[in-house]
Amino acid sequence: MKYLLMAIVIVSALFPAILTRLGREMLLHPGGAMDGKQWFPMAKAMRNQDTWAFAQHTSGVICHRIGLALTIFTGLFFLLLAWWAEEREPICAGWWLLPAVLDAAALLAARLLVERALKKNFDENGRRLYKEDQP
C-alpha cells in the first residue's frame, strides 16, 4: 500500500510540473509558426499572426499560473493524505482521483480563458479591438 501511494504521488505530481513548464516555454518563446501543433489550435487563434502570438502568450501565462497552483495543491494534498493514511487504515482508494479531476478541469479552464481573452481583444476577422497601449 505504501508503494502504491508513492507511485500515485509521483504520477500525479508530473502533470502540474509539465503544465508549469509548458506555460513557461510559451512565455519564453511566444509566437512561432501557426502550424496547429500546439494544444490550442482554435480557429480564432489562427486568424493571423497577431492573434496566434496573443493566444500563445495568454495561454502561457494561464498555464504557468494554473500549473504552479496545482503543484502546490497536489503537494499539500498528498502530504495530508499520507498523514491521514498513517492514522486511519485502510486508505480510501478514490481519494487519489481528486488531483486527476482537477488537472482535467484546469486544462478545460485554460482553454476557455484563452478563448474568452481572444473574444475580448479581437473581432471576428482577427483585428484588435483596442490599440496596443490600451487595456
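Residues numbered from 1 in each chain as written. Predicted model: local features only at pLDDT ≥ 70, side-chain atom pairs only at ≥ 80, totals over all residues. Heavy atoms only, no water.

### Regarding the overall build of the protein chain
- Secondary structure assignment for the protein chain yields 3 helices and 0 strands.
- Each helix (α) and strand (β) of the protein chain, taken in turn from the N terminus, gives the series α-α-α.
- Residues classed as buried in the protein chain amount to 30% of the 135 residues present.
- A sequence separation of at least 24 residues applies to 66% of the contacts in the protein chain between residues at least 6 apart.
- Of the roughly 8800 Å² of accessible surface on the protein chain, a fraction of 67% belongs to carbon and sulfur atoms. (Helix = DSSP H or I, 4+ residues; strand = E, 2+ residues; numbered from the N terminus. Buried < 20%, exposed > 50% of the residue type's maximum accessible area, 1.4 Å probe, protein only. Contact = heavy atoms within 4.5 Å. Areas by Shrake-Rupley, 256 points an atom, 1.4 Å probe, with all protein chains shown as cover.)

### Considering a nonpolar patch on the surface
- A contiguous nonpolar patch, built from Ile10, Val11, Leu14 and Ile18 and spanning about 410 Å² of accessible area, is present on the exposed surface.
- Relative to the elements of secondary structure, Val11 occurs in helix H1 (residues 2-28). (Patch = residues over 30% accessible without salt bridge, like charges linked within 9 Å, V, L, I, M, F, W, Y side chains within 5 Å. Salt bridge = Lys/Arg side-chain N within 4 Å of Asp/Glu carboxyl O.)

### Remarks on helix H3 (residues 97-121)
- In this model H3 runs 36 Å from its N-terminal to its C-terminal C-alpha over 25 residues, within 8% of the 36 Å that 1.5 Å per residue would give.
- All of the buried residues along H3 are Pro99, Asp103, Ala106, Ala110, Val114, Ala117, Leu118 and Asn121. (Expected span 1.5 Å × (residues − 1).)

### Topic: the packing of aromatic side chains
- What the rule picks out here adds up to 2 aromatic pairs.
- Between Phe54 and Phe122, the ring centres sit 5.2 Å apart and the planes meet at 70°, which makes this aromatic pair edge-to-face. Here Phe122 lies in the segment after H3 and Phe54 lies in helix H2 (residues 49-87), a separation of 68 residues in the sequence. Each member of the pair, Phe54 together with Phe122, is buried.
- Here the aromatic rings of Phe73 and Phe77 are separated by 5.7 Å at their centres, their planes lie at 25°, and the arrangement is stacked. Taken together, the residues Phe73 and Phe77, both in helix H2 and 4 residues apart, mark about one turn of the helix.
- Of the residues examined, Phe73 reaches a relative accessible area of 31% and is grouped as partly exposed. (Phe/Tyr/Trp six-rings, centres within 6.5 Å; stacked < 30°, edge-to-face > 60°.)

### Examining the confidence of the model for the protein chain
- Mean pLDDT over the protein chain stands at 78; residues scoring 70 or higher make up 75%.
- Mean pLDDT across the elements of the protein chain ranges from a minimum in H1, with 78, to a maximum in H3, with 87. (pLDDT = per-residue confidence, 0-100.)

### Topic: the nonpolar core
- Among the nonpolar cores identified, the biggest contains 16 residues, and Ala45, Ile66, Val114 and Leu118 are the most heavily contacted of them.
- The set of elements that each furnish at least two residues to this core consists of H2 and H3.
- Beyond its immediate sequence surroundings of up to four residues, Leu118 is in contact with Met42, Lys44, Ala45, Thr51, Phe54 and Ala55. (Core = buried A, V, L, I, M, F, W, Y, C linked by side-chain atoms within 4.5 Å.)

### Things to note about the side chain of Thr20
- Within the secondary structure layout, Thr20 lies in helix H1.
- At 3.3 Å, the side chain of Thr20 and the backbone nitrogen of Leu68 are in polar contact.
- The residues contacting Thr20, other than those within four sequence positions of it, are Cys63, His64, Gly67, Leu68 and Thr71. (Polar contact = N/O pair within 3.5 Å; in protein donor to acceptor, adjacent residues only side chain to side chain.)

### Focus: the environment of Val61
- Secondary-structure assignment places Val61 in helix H2.
- Residue Val61 is classed as partly exposed on the basis of its relative accessible area, which comes to 23%.

### Re the environment of Trp52
- With respect to the helices and strands, the residue Trp52 is situated in helix H2.
- With 66 residues separating them along the chain, Trp52 and Leu118 place their C-alpha atoms 9.6 Å apart.

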